[in-house]
Amino acid sequence: MTLTQLRYVTRVAECGSITEAARQLYISQPSLSAAVRDLETELGIQIFNRSARGISLTPDGSEFLSYARQILEQTELVEQRYSHARPSKRLFAISSQHYAFVVLAFVRLLEGSDADEYEMTLRESRTYEIIEDVAGYRSELGVIYLSSFNEKVLRKLMRENRLTYTPLFNARPHVFVSASHPLANAKSVRLEDLDDYPYLCYEQGTHNSLYFSEELLPFESHRKTIVLTDRATLFNLLRGVNGYTISSGVLNSDLNGVDIVSVPLETDETMQLGFLTNDRARLSPMAKRYLDELRSLIADNGFEILG
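Residues numbered from 1 in each chain as written. Predicted model: local features only at pLDDT ≥ 70, side-chain atom pairs only at ≥ 80, totals over all residues. Heavy atoms only, no water.

Trainee: Before we move on, could you go through the overall build of the chain and cite the residues and values that matter?
Mentor: Along the chain, the regular secondary structure elements total 10 helices and 12 strands. Over its C-alpha atoms the chain spans a radius of gyration of 22 Å, differing by no more than 12% from the 19 Å that the globule rule assigns to 307 residues. For the chain, the C-alpha atoms occupy an extent of roughly 65 × 40 × 30 Å along the three principal directions. With 307 residues in all, the chain has 44% of them scored as buried. The contacts in the chain between residues at least 6 apart in sequence include a share of 76% that link residues at least 24 apart. (Helix = DSSP H or I, 4+ residues; strand = E, 2+ residues; numbered from the N terminus. Rg over C-alpha atoms; globule rule 2.2 N^0.38 Å. Buried < 20%, exposed > 50% of the residue type's maximum accessible area, 1.4 Å probe, protein only. Contact = heavy atoms within 4.5 Å.)

Structure (structure tokens):
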């Protein structure tokens, strides 16, 4: 077993593709595949499941990758200490549901970074894919919400994937509408008050269960529904068609503009925002710094930090 093989396996797991990993490593795909298979043969385990749809880590592969990452991290520290090697790029990836405060914390992380080189990834993704990203080491952190409706199902998935959920803050549900919306100046609204307006929600792909919905109260029916895939389109439609969506109520004018407002929703439900980590991996310094920025931003918005 060599450090090169460990680096190969780590890159393949991050990319989720032999082809893309080979491209990034500047080696041929057959050479990379052979190196991974040689390592599997030597260890007597199967690291990756291979199919026409791509590759994924096996349970043995997930465990092995956690050790491989630790070895590579320690190797880099030794190299920097004794050979004056140039520090490697700072790497960090996060997957999240569509929240402006997650993006703003990411911006603050970049603004405060003193790294000469870095490679950062921010994925605004579907709920099930966020869990897959953290479980498969494609992201160090995943930001999602829990409610009385989805908690049992999502916590079961977390346990099965050996993920830990850490709460950040509790939020009362709000609706986001444009500043020109007829209900924009209301002190609060009920769902029935919104019945004449289009309801905007995020598409969840093949895992389109109500339990994976990004919006609170997914079991409520709506006369008009528009399903979307990205936050920019959703905010444009809030302005363009007098639509509304249900979220945490945390807005930022720098990212969302001043023409989107948050109105409290009358409901007994609450939503808890938190983050996922992989039990088999240690957080990088960059991930820890991001969480500091995230907690600071949440506190600045008047919320009590839970964890």
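That was the structure; now back to the text.
Trainee: Can you lay out the nonpolar core for me, pointing to particular residues and giving the numbers?
Mentor: In terms of nonpolar packing, the biggest core is built from 43 residues, with Phe-92, Phe-101, Val-175 and Tyr-290 touching the most fellow members. If you list the elements that add at least two residues to this core, you get β3 (90–96), α5 (100–111), β5 (141–146), β6 (163–171), β7 (174–178), β8 (199–202), β12 (271–278) and α10 (285–300). Residue contributions to this core peak at seven residues, all from α10. Setting aside chain neighbours within four positions, we find Tyr-290 in contact with Phe-92, Ile-94, Val-102, Ala-105, Phe-106, Leu-109 and Leu-141. Judged by nonpolar contacts, the second largest core, of 21 residues, contains Ala-21, Phe-64, Ala-68 and Leu-72. (Core = buried A, V, L, I, M, F, W, Y, C linked by side-chain atoms within 4.5 Å.)

Trainee: Residues and numbers for the packing of aromatic side chains, please.
Mentor: Tallied over the full model, the rule gives 10 aromatic pairs. For the ring pair Phe-101 and Phe-169, a centre distance of 5.6 Å and an interplane angle of 75° mean the geometry is edge-to-face. Of this pair, Phe-101 sits in helix α5 while Phe-169 is found in strand β6, placing the two residues 68 residues apart along the sequence. The two residues Phe-101 and Phe-169 agree in class, both being buried. Their ring planes at 45° and their centres at 5.5 Å tell us that Tyr-199 and Tyr-244 sit as a pair that is tilted. Pair noted here: Tyr-199 is in strand β8 and Tyr-244 is in the loop between α8 (231–240) and β10 (245–247), with a separation of 45 residues, a long-range link. No difference in accessibility class separates Tyr-199 from Tyr-244, as the two residues are buried. An aromatic cluster of at least three residues, connected via ring pairs, comprises Tyr-99, Phe-101, Phe-169 and Phe-303. (Phe/Tyr/Trp six-rings, centres within 6.5 Å; stacked < 30°, edge-to-face > 60°.)

Trainee: Describe helix α2 (residues 18–25), listing the residues and the values that go with them.
Mentor: Since the α-helix packs 3.6 residues into each turn, any two residues three or four apart lie on the same face. Inspection of α2 places Ile-18, Ala-21 and Ala-22 among the buried residues, and these make up the whole buried set. Looking straight down α2, one finds that the buried residues subtend no more than 100° of arc, so they occupy a single side. Taken together, the buried residues of α2 touch α1 (3–15), α3 (29–43) and β2 (54–57). A side-chain oxygen of the first residue of α2 lies 3.3 Å from the backbone nitrogen of Thr-19; this N-cap is Ser-17. Backbone geometry just downstream of α2 places Tyr-26 in the positive-phi region, at approximately 60°. (Arc of directions from axis to C-beta. Polar contact = N/O pair within 3.5 Å; in protein donor to acceptor, adjacent residues only side chain to side chain.)

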